[in-house]
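Working through the structure, step by step
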Amino acid sequence: MSFAGHAPGSAEYRRLILGLFFAGVATFAQLYAPQAVLPQMARDLAIPPATAALSVSAATLGLAASVIGWSVVADRVGRVPVMAVGVIAATVLGLLAPFSGSIVVLLVVRGAEGVALGAVPAVALAYLAEEVGPRHAAAAAGSYIAGTTVGGLAGRIVSGLVAEGGGWRAGVWTATGLCAVAAVLFLSLAPRSQGFVPRIPGRERDAGVLARLRRLLRSPRQLALYAQGFLLMGAFVAVYNYLGFHLAAPPFALPAWFVTLLFLAYLAGTFSSPWAGVLASRIGRYPVLLGAIAVMACGALLLLASSTIAVLAGLLLFTAGFFGAHAVASGWTSVATEADSRAQASSLYYFAYYAGSSLFGWILGVVFGSAGWAWFAAIVIAMCALAALAAASALRGADPSRR
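Residues numbered from 1 in each chain as written. Predicted model: local features only at pLDDT ≥ 70, side-chain atom pairs only at ≥ 80, totals over all residues. Heavy atoms only, no water.

**Points about the overall build of the protein chain**
For clarity, the cut-off: In this description a helix means any DSSP run of H or I spanning at least four residues, a strand means any run of E spanning at least two, and both kinds are numbered starting from the N terminus. Think of it in three bands: with a 1.4 Å probe and only protein chains considered, a residue is buried below 20% of the maximum accessible area for its type, exposed above 50%, and partly exposed in between. Should any heavy atoms of two residues lie within 4.5 Å, those residues are considered in contact. All accessibility values rest on the Shrake-Rupley procedure with a 1.4 Å probe; residue burial counts only the protein chains present in the view.
Looking only at helices and strands, the protein chain features 16 helices and zero strands. The buried share of the protein chain, taken over its 403 residues, is 54%. Of all intrachain contacts in the protein chain linking residues separated by at least 6 positions in sequence, the fraction that spans at least 24 positions is 83%. Total accessible area on the protein chain stands at roughly 16,200 Å², and carbon and sulfur atoms take up 71% of it.

Here you go:
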């Protein structure tokens, strides 16, 4: 008798939901923990803001480079073992990273940490799809997404508040300690795979994967969707990397603890992403995607204001718009291609997503350091415009849910 998936209400289902929630916390809290302490790191290591921000970019670049590889390994050895190896290795590296005496050593360790972290986003949703019945898979996925949101926020808030009194190293250690607890909870809760069927490696299958990747990379529709992740995530991470430097300087001169609390604007995405999904099911993905990009651009425009209240309002709009656009684009990639290419389509989207985070998270810091905040914000707005142009060129009328 074939396995039909864990049903809601069962003990295994509850363990699966809680386990993946804590996997999301363990992954994204340490991925973004340094983002809240970049000003302190820059001062302590005597490096410019863009160089300090490489501590975030190195990890996201490592993650981007590893997601496809982790997905192939997981097809052969199983989902839970791959996630377990990844999250344990990442937590160990995260605890070692603050011992780095130079920025070069720190970047090497953070890059390796990102490679290890790639195991969870590469595998988590495939694990869910195999272990939960089709009727409940979408709802179950919400627990993992919630964990990523909570993890990303907790890592920033915890590291930032602790660093205010104990320095950036203490902040990162504390956030990684939180990840270690979450990792233990994940490993103790995640049930053994019952729906996983190993795929036997062979020349024909490997050629099939390469052929599917080539087919996706030749699709204008898929390339337009990957552009959303690349450009919008790049802009999003850059703003959160350097807004603290901007607000710590005149005319704002805000204290570090207040700047850390601005990361609470991240919660705007917790509300906007499901709302965008519901709206997209009613009026279509394309108009919702363009609308979310427009909201994001309007928020970026408000970041140019000299009023703290206006900047805060802009950050809320910017964050809500980003998560709305990301929710639509990431979900669209898998339904806009053939069934046999859906896993590869999702992996390529996340590759572009984290590649954009790595590239623009650093290069826009160079712009900020050399040309100032106005030019920085102008480029962020231009990136939103380019994403909208890419969508308009290939995605108009391409939404399968509107047929």
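There's plenty left to go through after this.
**A word on the nonpolar core**
For the record, the criterion: Residues belong to one nonpolar core when they are buried, are Ala, Val, Leu, Ile, Met, Phe, Trp, Tyr or Cys, and are joined through side-chain atoms within 4.5 Å.
Formed by 121 residues in total, the largest nonpolar core has its most connected members in Phe236, Tyr354 and Phe376. Apart from the residues within four sequence positions on either side, phenylalanine 236 is in contact with Tyr266, Met296, Phe318, Thr319, Phe322 and Phe323.

**As for the pattern of salt bridges**
As a reminder, the rule being used: Every case where a carboxyl oxygen of Asp or Glu lies within 4 Å of a side-chain nitrogen of Lys or Arg is listed as a salt bridge.
Per the counting criterion, the structure on display carries three salt bridges. The residue glutamate 113 makes a salt bridge to arginine 110 at a minimum N-O spacing of 3.3 Å. You can see glutamate 113 and its partner arginine 110 sitting in helix H5 (residues 103-117), three residues apart, about one turn around the helix. The burial state of glutamate 113 is the same as that of arginine 110; both residues are buried.

**Regarding the environment of proline 251**
Here proline 251 lies in the loop between helix H10 (220-248) and helix H11 (256-261). Taking the relative accessible area as the measure of exposure, proline 251 reaches 63% and is therefore exposed. Along the chain, proline 251 and threonine 308 lie 57 residues apart, while their C-alpha atoms are 9.4 Å from each other.

**Overview of a nonpolar patch on the surface**
Counted only if it meets this: Here, patches come from residues exposed beyond 30% relative accessible area and free of salt bridges, joined within 9 Å for like charges and within 5 Å for nonpolar side chains (Val, Leu, Ile, Met, Phe, Trp, Tyr).
A cluster of nonpolar side chains, contributed by Ile88, Val92, Leu95, Leu96, Phe99, Trp173 and Leu187, occupies part of the molecular surface with about 630 Å² of accessible area. Here the nonpolar patch takes four residues from helix H4 (residues 79-96), the largest share from any one element. With a relative accessible area of 42%, isoleucine 88 lands in the partly exposed category.

**Overview of the side chain of threonine 60**
As for its position among the elements, threonine 60 is in helix H3 (residues 49-77). Of the residues examined, threonine 60 reaches a relative accessible area of 0% and is grouped as buried. Look past the residues within four positions of threonine 60 in its chain and what remains in contact with it is Leu31, Tyr32, Tyr354, Ser357 and Ser358.

**Quick notes on H3**
Note the threshold: Given the number of residues in a helix, its expected span is that number minus one, multiplied by 1.5 Å. Two axes enter the bend calculation: one fitted to the seven residues ending at the residue in question, the other to the seven starting there, and the bend is the angle between them.
Along its 29 residues, H3 runs 41 Å from first to last C-alpha, staying within 8% of the 42 Å computed at 1.5 Å per residue. Where H3 bends most, the angle comes to about 40 degrees, and this point is serine 66. Two residues or fewer past H3, glycine 78 is found with a positive phi of approximately 115 degrees.

**Comments concerning the packing of aromatic side chains**
Just so we agree on the cut-off: Any two of the Phe, Tyr and Trp rings considered here, Trp counted by its six-membered ring, make a pair once their centres fall within 6.5 Å; the pair's planes then place it as stacked at under 30 degrees, edge-to-face at over 60, or tilted in between.
In this structure the tally under the stated criterion is 25 aromatic pairs. With a centroid separation of 6.1 Å and 45 degrees between ring planes, the pair formed by phenylalanine 236 and tyrosine 266 is classed as tilted. Of this pair, phenylalanine 236 sits in helix H10 while tyrosine 266 sits in the loop between H11 and helix H12 (267-283); the two residues are 30 residues apart in sequence, bridging distant segments of the chain. Assessed through its relative accessible area of 2%, phenylalanine 236 is described here as buried. Among the residues examined, tyrosine 266 registers a relative accessible area of 7% and is labelled buried. Seen from their ring centres, tyrosine 242 and phenylalanine 368 are 6.0 Å apart, and the 35 degrees between their planes marks the pair as tilted.

**Here we look at the confidence of the model for the protein chain**
Convention followed: On a range of 0 to 100, pLDDT expresses the predictor's confidence in each residue.
When pLDDT is averaged along the protein chain, the result is 86, and 89% of the positions lie at 70 or above. Across the protein chain, helix H16 (residues 373-394) holds the top mean pLDDT of 97, while helix H9 (residues 203-217) sits lowest at 69. The low-confidence segment residues 203-207, where pLDDT is below 50, has five contacts with residues more than four positions distant or belonging to other chains.

**A look at unusual backbone geometry**
If a residue is not glycine, its phi is most likely negative; likewise, a peptide bond is most likely trans. That bond from proline 250 to proline 251 is cis: its omega, 5 degrees, falls within 30 degrees of zero. The phi dihedral of alanine 46 falls on the positive side, at around 55 degrees, and the residue is not glycine. Mapped onto the fold, alanine 46 is located in the loop between helix H2 (38-45) and H3. Relative accessible area serves as the criterion here: at 69%, alanine 46 is assigned to the exposed category.

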